[in-house]
Amino acid sequence: MTHIALANLSTMQKYWLITGSVGPRPIALVTSLNCDGLCNAAPYSAFNYMGEDPPLFAIAIDHYGEESHRPGEMKDTLKNIVEREQFVVNMVDEAIVERAVQCGSDFPAHVSEPEAVGLSLAASTSVSVPRVSEAPIAWECRLYKVLEFSKQRSIVFGEIVGMVIREDLLDAEKLRIRVDRFEPYGRLGGPNYCRSTDRVQLRVPTYMPAVGVARE
Ligand SMILES: Cc1cc2nc3c(=O)[nH]c(=O)nc-3n(C[C@H](O)[C@H](O)[C@H](O)COP(=O)(O)O)c2cc1C
């Protein structure tokens with residue numbers, strides 16, 4: 001095994017080591033509205049859920065890097081979320097993954113990515129930010145907190161206030177996702193992605209069978 005101390009590495013060296021090894025990461029295609037009402041969409045994979053009570057998502061958003069077309073500027077997603085305090089997390093599956101990744105291109109702020117890549121929008125119920133119609137599941141979020149932990153990076157916490165789910169993915173009686181039918185994409189390092197179609201089931205064994213109840 002090779003040990004690497006992180007203290008003297010450059011930002012990009014750390015980025016490649018971390019993003020190459022923490023994965024697959026879920027992909028949030030985040031929609032948000034700018035001050036003119038234009039809908040922005042961008043993919044974020046430094047993303048996960050952080051709990052149910054309150055139900056929270058966290059998304060780590062960099063500022064645009066030195067090598068980018070808008071060095072040092074806030075990404076549109078972060079700017080819009082701070083201004084409007086609302087956003088929608090659209091989950092990404094096979095049908096939309098290529099278009100979701102295209103939304104990560106260096107579009108100027110006045111271009112609406114969903115329109116540019118051929119995704120359509122539908123009104124949300126509990127927030128004014130639209131969702132991506134083609135997304136299998138969309139989560140309506142209100143800004144809970146922004147943690148600015150460096151000049152270059154913030155973590156946005158969103159409280160989930162509603163969800164929209166394609167009927168075939170919901171077991172309405174049990175109020176559960178039909179996990180066998182939901183096939184989200186995952187992000188690995190760089191331009192590498194994976195499908196979630198190759199499944200295994202592993203159950204946590206009960207430590208004390210006499211008193212424990214096996215988990216579902
Ligand atoms: C699959 C994927 C995941 C990404 N994840 C992140 C991320 O977690 N944080 C981040 O700051 N940028 C991430 N990016 C880059 C942004 O999507 C990209 O900078 C985008 O242009 C930002 O758009 P915006 O200014 O409309 O928010 C990701 C890009 C792709 C393709």
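Residues numbered from 1 in each chain as written. Predicted model: local features only at pLDDT ≥ 70, side-chain atom pairs only at ≥ 80, totals over all residues. Heavy atoms only, no water.

## Brief notes about the pattern of salt bridges
- In this structure the tally under the stated criterion is seven salt bridges.
- The residue Glu 73 makes a salt bridge to Arg 70 at a minimum N-O spacing of 3.1 Å.
- Put simply, Arg 195 and Glu 94 hold a salt bridge, and the shortest N to O gap is 2.8 Å. With Arg 195 in the segment after strand E14 (193-194) and Glu 94 in the loop between strand E6 (86-91) and helix H3 (97-102), this residue pair connects regions lying 101 residues apart in the sequence.
- Assessed through its relative accessible area of 51%, Arg 195 is described here as exposed.
- Here the salt bridges do not stand alone but share partners, grouping Arg 70, Glu 73 and Asp 76 into one network. (Salt bridge = Lys/Arg side-chain N within 4 Å of Asp/Glu carboxyl O. Helix = DSSP H or I, 4+ residues; strand = E, 2+ residues; numbered from the N terminus. Buried < 20%, exposed > 50% of the residue type's maximum accessible area, 1.4 Å probe, protein only.)

## Here's the deal with the nonpolar core
- Counting residues in hydrophobic clusters, the biggest one holds 20 residues, and the most contacted among them are Val 30, Phe 47, Ile 59, Phe 87 and Val 89.
- Looking at this core, the elements with two or more residues in it are strand E2 (28-33), strand E3 (39-44), strand E5 (55-62), helix H2 (76-84), E6, strand E9 (137-150) and strand E10 (153-165). (Core = buried A, V, L, I, M, F, W, Y, C linked by side-chain atoms within 4.5 Å.)

## Points about the site of the ligand
- Near the ligand lie 18 residues; those nearest to it are Pro 43, Ala 46, Tyr 64, Asp 76 and Thr 77.
- Ser 45 is positioned with one of its backbone polar atoms (N or O) 2.9 Å from a nitrogen atom of the ligand.
- Here an oxygen atom of the ligand and a side-chain polar atom of Lys 75 are 2.9 Å apart.
- Surface burial for the ligand is 89%, taken as the share of its 650 Å² of free accessible area covered by protein chains. (Near = heavy atom within 4 Å. Polar contact = N/O pair within 3.5 Å; in protein donor to acceptor, adjacent residues only side chain to side chain. Areas by Shrake-Rupley, 256 points an atom, 1.4 Å probe, with all protein chains shown as cover.)

## Some thoughts on the environment of Ala 138
- Turning to its location among the elements, Ala 138 is positioned in strand E9.
- The class for Ala 138 is buried, based on a relative accessible area of 3%.
- Those residues in contact with Ala 138 that lie beyond four places of it in its chain are Val 88, Val 89, Asn 90, Arg 131, Gly 162, Met 163 and Val 164. (Contact = heavy atoms within 4.5 Å.)

## Here we look at the sheet that holds E2
- Across the sheet, seven strands lie side by side as E3-E2-E6-E9-E10-E5-E4; this open sheet has antiparallel pairing. Of all strands in the sheet, those with a lone pairing partner are E3 and strand E4 (47-52), marking the two edges. Neighbour-to-neighbour, the strand axes of the sheet open up by a mean angle of 35 degrees, direction not taken into account.
- Note that E6 and E9 share five bridges and pair antiparallel. Across the sheet, the residue bridging to Asn 90 is Ala 138, located in E9.
- Strands E2, E3, E5, E6, E9 and E10 of the sheet are contacted by H2, whose axis makes an angle of about 50 degrees with E2. (Pairing = 2+ DSSP bridges. Axes fitted to C-alpha atoms, helices over the stretch in contact; angles between N-to-C directions.)

## Concerning the packing of aromatic side chains
- In total, this model carries three aromatic pairs according to the counting rule given.
- Taking the centre distance of 5.0 Å and the plane angle of 80 degrees together, the rings of Tyr 15 and Trp 16 count as edge-to-face.
- Since its relative accessible area comes to 29%, Tyr 15 is described here as partly exposed.
- Residues Phe 47 and Phe 57 carry aromatic rings whose centres are separated by 5.1 Å and whose planes lie at 65 degrees to one another, so their mutual orientation is edge-to-face. Here Phe 57 lies in strand E5 and Phe 47 lies in strand E4, a separation of 10 residues in the sequence.
- Overall, the relative accessible area of 5% leaves Phe 57 in the buried class.
- Cation over ring: Lys 75 sits above Tyr 64, and NZ or CZ is 5.6 Å from the ring centre. (Phe/Tyr/Trp six-rings, centres within 6.5 Å; stacked < 30°, edge-to-face > 60°. Lys NZ or Arg CZ within 6 Å of the ring centre and 35° of its normal.)

Geometric values such as these leave the question of function open.
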